[in-house]
Amino acid sequence: EDSGIHATDFQQYLTTNKLPAIKLKQIPVDQKKVTINGDQVEAVLDVDMIAAINPQVSEIQLYAAPGANTIGQFSQELVDVFDAVGKAASNPGGPSILSVSYGLDEIQIALGGGDPDAEAGALEGLALEGVTVFVSAGDQGAYGRTGLDNSPATLNAPDPGSQIFVTSVGGTTLFTYSQQQYLGEEVWNDLGLGDGATGGGVSALWENPDLGFYQGTDLVEY
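Residues numbered from 1 in each chain as written. Predicted model: local features only at pLDDT ≥ 70, side-chain atom pairs only at ≥ 80, totals over all residues. Heavy atoms only, no water.

**Remarks on the sheet that holds strand β3 (residues 97-100)**
Move 1: Pairing is parallel across the open sheet formed by 3 strands, whose spatial order is β3-β5-β7. Here the strands that pair on one side only, and so sit at the sheet edges, are β3 and β7 (167-169). When the angles between neighbouring strand axes are averaged without regard to direction, this sheet yields 25°.
Move 2: The sheet contact formed by strand β5 (residues 132-136) and β7 spans 3 bridges and is parallel. (Pairing = 2+ DSSP bridges. Helix = DSSP H or I, 4+ residues; strand = E, 2+ residues; numbered from the N terminus. Axes fitted to C-alpha atoms, helices over the stretch in contact; angles between N-to-C directions.)

**A look at the pattern of salt bridges**
Move 1: The full count for this structure, using the stated rule, is 1 salt bridge.
Move 2: Notably, a salt bridge pairs K23 with E59, separated by 3.3 Å at the nearest N-O pair. Of this pair, K23 sits in strand β1 (residues 23-28) while E59 sits in strand β2 (residues 59-64), and the two are 36 residues apart along the sequence.
Move 3: For K23, a relative accessible area of 53% gives the class exposed.
Move 4: Taking the relative accessible area as the measure of exposure, E59 reaches 24% and is therefore partly exposed. (Salt bridge = Lys/Arg side-chain N within 4 Å of Asp/Glu carboxyl O. Buried < 20%, exposed > 50% of the residue type's maximum accessible area, 1.4 Å probe, protein only.)

**Here's the deal with the side chain of E119**
Move 1: In this structure, E119 sits in helix α5 (residues 116-128).
Move 2: Although E119 is buried, it forms no salt bridge, and the closest oppositely charged side chain is R145 at an N-O distance of 13 Å.
Move 3: Setting aside residues no more than four positions away along its own chain, E119 makes contact with S75, L78, V79, F82, I109, D159, P160 and Q163. (Lys, Arg positive; Asp, Glu negative; His and termini not counted. Contact = heavy atoms within 4.5 Å.)

**What about the layout of surface pockets?**
Move 1: One number sums up the size of the second largest pocket: a volume of about 280 Å³.
Move 2: A157, G161, S162, G201 and S203 are the residues nearest the centre of the second largest pocket, which is lined by 16 residues in total.
Move 3: When its residues are assigned to classes, the lining of the second largest pocket shows 7 nonpolar, 8 polar and 1 charged. (1 Å grid on protein atoms, 1.4 Å probe; cavity = no way out; pocket = protein on both sides within 12 Å on 5 of 7 lines; lining within 4 Å. Points joined across faces, edges and corners; volume = space filled by probe spheres on them. Nonpolar A, V, L, I, M, F, W, Y, C, P; charged D, E, K, R; others polar.)

**Some words on the packing of helix α1 (residues 7-16) against helix α2 (residues 40-53)**
Move 1: Direction vectors running N to C along α1 and α2 enclose 35°, while the axes themselves pass 10 Å from each other. Considering how the two elements wind past one another, α1 and α2 form a crossing that is right-handed. Where α1 abuts α2, its residues D9, F10, Y13 and L14 lie against Q40, V44, V47, D48, M49, A51 and A52.
Move 2: Looking at the contact of α1 with α2, its residues break down into 8 nonpolar, 1 polar and 2 charged. (Left-handed = near helix turned anticlockwise from the far one by under 90°.)

**What to know about α2**
Move 1: If you check α2, its first and last C-alpha atoms are 20 Å apart, about what 14 residues at 1.5 Å a residue would give, namely 20 Å.
Move 2: Residues of α2 that are buried: A43, V44, D46, V47, D48 and A51.
Move 3: The inward-facing, buried residues of α2 contact α1, β1 and β2. (Expected span 1.5 Å × (residues − 1).)

**Observations regarding α1**
Move 1: Among the residues making up α1, those that are buried are F10, Y13 and L14. Viewed end-on, α1 has its buried residues packed into an arc of 95°, placing them on one side of the element. More than 90 degrees from the buried face of α1, the exposed residues found are T8, Q12, T15 and T16.
Move 2: At its buried positions, α1 is contacted by β1, α2 and β2. (Arc of directions from axis to C-beta.)

Listed below in structure tokens is the structure:
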């Protein structure tokens, strides 16, 4: 995250929703202590949802950078957070799953002073430590933040969501009925209404990986 949160907000969420006590540890990255800014709303939402999805999680570690003023700084803070998580994961009891809900269009990162290759290297390091990384696919549809500025519109994939060592997670619209029972869901696609859509697009930085499957002891490419 690029903000810390008030721990009392998280505790209030646990109490209100009758969830178990879950340890929260906030870890500063690129700053001496965790600071709280306007992005705390999204940060506390992320932490709350982890607790809601998996109440048996042993600990939530929030890695908080100070917040970026430039795209280059945003990219560097991603790298520094990835490195910090990788270092912690190398120790017994370290983190095993990392969730990232931030990103920009690849073209913004590449042309704005970011370093997607450095991000890729740091993410590869996390993979080697056995950390599973989930990243938001974005909320501006397949055109991203910048595609609709062009005519015709251009497809844009998000960074770090398009990175090859992550699992990019899209959004759905959930429908429920009496007592919040599951009714169904569909791909979140309200871009035409001005309410956003799950991310997509086509990567301009990374080629599709070679696909294959094992047949006996041989890898069959297709």
